[in-house]
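Spelled out, the chains give:
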Amino acid sequence: MSGYVGILVSDPWLQNQFTQVELRSLKSHFMSMRRESGKLTLRDLASRMSRLKVVGENLTEEERASFIQDLYQNLDDEVDFEFFLKVYLKLHAYASARTGSVAKNSSAFLKAATTTLLHTISEPEKASYVAHINNYLGEDDFLKKYLPIDPSTNDLFEIAKDGVLLCKLINVAVPGTIDERAINTKRVLNPWERNENHTLCLNSAKAIGCTVVNIGTQDFIEGRRHLVLGLISQIIKIQLLADLNLKKTPQLVELVDNSKDVEELMSLPPEKILLRWMNFQLKKAGYKKTVTNFSSDVKDAEAYAHLLNVLAPEYSNPSTLAVKDHLERAKLVLEHADRMGCKRYLTAKDIVEGQPNLNLAFVAHIFQHRNGLSSTQTKQMSFLETLPDDTQISREERAFRFWMNSLGNSTYIDNVFEDLRNGWVLLETLDKVSPGIVNWKIANKPPIKLPFRKVENCNQVVKIGKQLKFSLVNIAGNDIVQGNKKLILAYLWQLMRCNILQLLKNLRFHSHGREITDADILKWANTKVRDAGSQSRMDSFKDKSLSDGIFFLELLSAVQPRAVNWSLVTKGITDEEKRMNATYIISIARKLGCSIFLLPEDITEVNQKMILTLTASIMYWFLKQPLEEKPNGTSDSETISNSTVDDYASESSLEENGNL
C-alpha cells in the first residue's frame, strides 16, 4: 500500500478495507463533520453521516442512531478518524443488508456473514446452532461444565466471551486447525488471555474459509450477538459441507457421466454440489421440479418428502405427500428424518418459512447420514484415476483462496481457477495490495458475458503484475481466462508475497520506506533468534532443518517470551513430533495476531513459499507492536538493515513462477 494510506490510517486491518480514493474521500467527510463543532462524538454521527453514500441514502437518521446506540455504551466518546471508519463499515454493512445489495456471485457463506451484521438475530437459527453445539461439544472436558446451553436464553453469548467455545467449534468443523495446547483454558481468564483466545479464533476462522471482515476481538468480548452468531453460522456450515467433495466422498462421481464432468463437479462450491446431489436423488423419485435454492423451492416440503422416500423408503408415510397443508407435511417430513436417525435442528415452521441456513443444514445432515450413492468401485476408480495428483496445487490453491477471501472482496471465492477467470476479483485484490494501481475506467464489472471483456480485465492484471515487478514470463491475460492452474498459482503467490512486503515497507520507522527483500526477512529472523541466546539459524527459506519446527518456536519466543510453553514442545525427531511442533507453531502465531494460511505440512515439508509468509508475518506482527509491549532490550529505533546479507541469503530468493 502507498505511503499516503499509511499516513491516513495506521491500522493494517483498516488499510485493507479501503482503496486510497475511498480513504481520501472519507477523510474529507470526517474533517468536515468535525469542523462543525470542533469535535465529533458518537452521538453526532447519526445526523452528520447523512451525506455519505449508502449509509446516508439507505438509512434514516433514527435508524443510524438506534444502530449506533445498540453498538456502543457511551455516546459522548470522542471519535477519531480510525474509530469513525470502523463505525462507518458497520453501518455500511447494516445498510447493505437492509437493501439486499450483497454481491450476486457471493456464496452462501458470505451472504450469511453479511446479513448477520444486522443487530437483530434469528431466534430459530440461534436455537439450531445451540443444539448443534450441545451435541458436538457436550462431552468436551473443559466445556461440559457449561453445557448444555439453554437455547431460550442468551447464555451462548456469555459462554462465548472467553473464546474457548469458538476455538473448540472450529476444531469440530475442521479437526486439527487449532492446537488446543495454545488455547487459554483457565476457569477465569484475564483480559489479555481472553483477547489471545479471540485473536486465535478469528485468525483460525479465516484460515478455514470464514469471512470475518468487520469483526474484531472486542466484538466477541462484549458479546455482540449478531456477530457471534454470524461466525458460528459460518463455522457450522463448513463442518456440515465438509464431505461434499470427491476426496471425502468419491461416490459423488455417480452424479456425472465422464471425466470432464468430474472436473466441473470438483470446481463447484459445496452448497452447489449439495443441490446437484439433491436433484439427482429427486429425479430418481420422479419429482419433476428442479430445486435451485434452500428457501422458496423447499417451503412446501414436497421435495423433502420425495427425497426421504427415495433415500429411506422403509420409513415412508403415504400421508406425507397426500396432505395439502404445508406445515403438516413438514411435520411428517421431520418425523421421517427422526425415524432415519438423522440429526436435525430445525422445525416444521422453519421449513415452511424458507429459512435458508437451516434448510441447507438439514439437507447437509441428510447427506451425511444417508447419501444414497452406490457408485461401483470400478467407476469411481476409472474417473478418479484420470485426474492429476495435485496435492501440492490444491494446498496452494486453498492458501491463496482463503487469503483473498480474508481481504473482503465483493465476491467470495470458492475455487481460484474458476472464480478468477473474469479478472475482476484479481483487480480488486491488486487495488487492496497497492491502492490506486488499478485503472477502473477500463475495467469490466461482472456479470461479463463477452469473453474478450474478461481478457481485457486479465490483460490489465498481467500489466499491473509487471509494474509490481512480478516474474511473468510467457503469461498473458488469456491464460487466466482459460484457467491455467500453474500460471494462476504463480501469479497469486507473487501477489501474496507482494502484499506482506508492502505491509513491511509501510512500517516506515523501521524500513525508512525502502523496498523490503526476502534477504531482509531472513536476516531479521536469524538476528532475533541469535539475540535471544539461541544457536539456531536458518540458511534459507528452504533449509530442511526447519522441518522440526524448533527455529520458529525460538523465533516466536524471541518476539514474545510468554508465547511458547516449552514443556509442550517435542524434540522434533519423528514425523509425529515434527507435526505436533508445526501445529503448535501455527496456533501460537495466530494467537499473537499473525494472519497466516499455511498447513502443518508446509512446515514439516519445508514449503519454501509458506515458510517465507510465516516468517514475514511474525516479523510484521513484531515490528508494529508499541514499544512498551515489546520484550526488554528491544529499541524502537530498531531498523531493517540496509547491509547486504551473506551469500547464502541469495539462495533464499524464491523459485521462478514456473517451479511450483
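Predicted model, so just to flag it, every value in this text is computed and none were measured. (Residues numbered from 1 in each chain as written. Predicted model: local features only at pLDDT ≥ 70, side-chain atom pairs only at ≥ 80, totals over all residues. Heavy atoms only, no water.)

Let's talk about the overall build of the chain
Counting its regular elements, the chain contains 34 helices and zero strands. Residue burial in the chain is summarised as follows: out of 660 residues, 57% are buried. Restricting to contacts in the chain with at least 6 residues of sequence separation, those with at least 24 account for 65%. With the model as given, the accessible surface of the chain reaches about 28300 Å², and the carbon-plus-sulfur share is 49%. (Helix = DSSP H or I, 4+ residues; strand = E, 2+ residues; numbered from the N terminus. Buried < 20%, exposed > 50% of the residue type's maximum accessible area, 1.4 Å probe, protein only. Contact = heavy atoms within 4.5 Å. Areas by Shrake-Rupley, 256 points an atom, 1.4 Å probe, with all protein chains shown as cover.)

Some details on the environment of Arg590
With respect to the secondary-structure elements, Arg590 resides in helix H32 (residues 575-592). Exposure remark for Arg590: the relative accessible area of 3% places this residue in the buried category. C-alpha separation for the pair Arg590 and Ser617, spaced 27 residues apart in sequence, amounts to 9.7 Å. Apart from the residues lying within four places of it in its own chain, the contact partners of Arg590 are Thr177, Thr199, Leu200, Asn203, Ser204, Ala207, Ile596, Phe597 and Leu598.

Re the confidence of the model for the chain
Looking at the chain, pLDDT values average 84 and 84% of them are 70 or higher. In this model residues 1-7 is a low-confidence stretch, pLDDT under 50, and it forms 19 contacts with partners more than four residues away in sequence or in other chains. Ignoring residues within four places in sequence, the model shows residues 641-660, a span with pLDDT below 50, making 45 contacts including any to other chains. (pLDDT = per-residue confidence, 0-100.)

Some remarks on the packing of helix H17 (residues 302-311) against helix H21 (residues 356-369)
The geometry of H17 relative to H21 is characterised by a closest axis approach of 12 Å and an angle of 10 degrees between their N-to-C directions. By the angle class used here, H17 and H21 are roughly parallel. Contacts between H17 and H21 involve Tyr304, Leu307, Leu308 and Leu311 from the former and Asn359, Phe362, Val363 and Ile366 from the latter. (Axes fitted to C-alpha atoms, helices over the stretch in contact; angles between N-to-C directions. Parallel < 35°, antiparallel > 145°, perpendicular 65-115°, else oblique.)

Overview of the packing of aromatic side chains
Describing an aromatic ring pair means giving the distance of the ring centres and the angle of the ring planes. Under the definition given, this model contains eleven aromatic pairs. Residues Phe30 and Phe84 carry aromatic rings whose centres are separated by 5.4 Å and whose planes lie at 40 degrees to one another, so their mutual orientation is tilted. Taken together, the residues Phe30 in helix H3 (residues 20-35) and Phe84 in helix H7 (residues 81-99) connect sequence positions 54 residues apart. There is no split in this pair, since Phe30 and Phe84 are both buried. (Phe/Tyr/Trp six-rings, centres within 6.5 Å; stacked < 30°, edge-to-face > 60°.)

So, the nonpolar core
Grouped burial of nonpolar side chains is what soluble globular proteins tend to show. Judged by nonpolar contacts, the single largest core of 172 residues is most densely connected at Leu274, Trp277, Met278 and Leu430. Considering each element in turn, this core owes the most residues, 13 residues, to helix H28 (residues 485-506). Sequence-distant contacts of Leu430, defined by excluding residues within four places in its chain, comprise Ile437, Val438, Val461, Ile464, Leu468, Tyr491 and Leu495. If you look at the next biggest cluster of nonpolar residues, it comprises 29 residues, including Met33, Val54, Leu71 and Leu89. (Core = buried A, V, L, I, M, F, W, Y, C linked by side-chain atoms within 4.5 Å.)

What about helix H6 (residues 61-71)?
Listed in full, the buried residues belonging to H6 are Arg64, Phe67, Ile68 and Leu71. Viewed end-on, H6 has its buried residues packed into an arc of 95 degrees, placing them on one side of the element. Exposed residues lying more than 90 degrees from the buried face of H6 are Glu62 and Gln69. (Arc of directions from axis to C-beta.)

Some remarks on helix H34 (residues 608-623)
Because an α-helix packs 3.6 residues into every turn, residues spaced three or four apart end up facing the same way. An ideal rise of 1.5 Å per residue puts 22 Å on 16 residues; H34 measures up with 23 Å between its terminal C-alpha atoms. Burial analysis of H34 places 16 of its 16 residues in the buried class, the great majority of the element. One side-chain oxygen of the residue at the start of H34 lies 3.1 Å from the amide nitrogen of Lys609, identifying that residue as Asn607. (Expected span 1.5 Å × (residues − 1). Polar contact = N/O pair within 3.5 Å; in protein donor to acceptor, adjacent residues only side chain to side chain.)

What about the side chain of Arg329?
Inspection of the secondary structure puts Arg329 in helix H19 (residues 326-340). The charged side chain of Arg329 is buried without a salt bridge, its nearest counter-charge being Glu302 at 4.4 Å. Residue contacts for Arg329: discarding those within four places in its chain leaves Asp300, Ala301, Glu302, Thr320, Leu321, Val323 and Lys324. (Lys, Arg positive; Asp, Glu negative; His and termini not counted. Salt bridge = Lys/Arg side-chain N within 4 Å of Asp/Glu carboxyl O.)

Notes on the pattern of salt bridges
The tally for this structure, following the rule as stated, stands at 25 salt bridges. Salt bridges linked by common partners bring Lys90, Asp219 and Arg224 together as one network.

As for unusual backbone geometry
Glycine aside, the phi torsion of most residues is negative, and most peptide linkages are trans. Cis geometry marks the peptide bond from Leu147 to Pro148, where omega comes out at 5 degrees. Residue Pro447 is bonded to the preceding Pro446 through a cis peptide linkage, with omega at 0 degrees. Here Pro447 shows up in the loop between helix H25 (424-433) and helix H26 (451-467). One non-glycine residue with positive phi stands out, namely Ala301, at about 65 degrees. Locating Ala301 in the fold gives a position in the loop between helix H16 (270-284) and H17. One non-glycine residue, Lys469, lies in positive phi territory at about 70 degrees. Inspection of the secondary structure assignment puts Lys469 in the loop between H26 and helix H27 (477-481).

Concerning the packing of helix H11 (residues 164-173) against helix H12 (residues 191-207)
The geometry of H11 relative to H12 is characterised by a closest axis approach of 9 Å and an angle of 25 degrees between their N-to-C directions. With respect to each other, H11 and H12 are oriented roughly parallel. As H11 packs across H12, the resulting crossing turns out to be left-handed. Together, Val164, Leu166, Cys167 and Ile170 of H11 and Asn197, His198, Leu200, Cys201, Ser204 and Ala205 of H12 make up the contact between the two elements. Each residue belonging to the contact of H11 with H12 can be placed in one class, and the counts come to seven nonpolar, three polar and no charged. (Left-handed = near helix turned anticlockwise from the far one by under 90°. Nonpolar A, V, L, I, M, F, W, Y, C, P; charged D, E, K, R; others polar.)

Digging into the environment of Leu147
For Leu147, the position within the fold is in the loop between helix H9 (123-137) and helix H10 (155-159). Once the C-alpha coordinates of Leu147 and Asn135 are considered, the two residues, twelve residues apart in sequence, prove to be 9.5 Å apart. Setting aside residues up to four positions removed in sequence, Leu147 forms contacts with Ile133, Asn134, Leu137 and Gly138.

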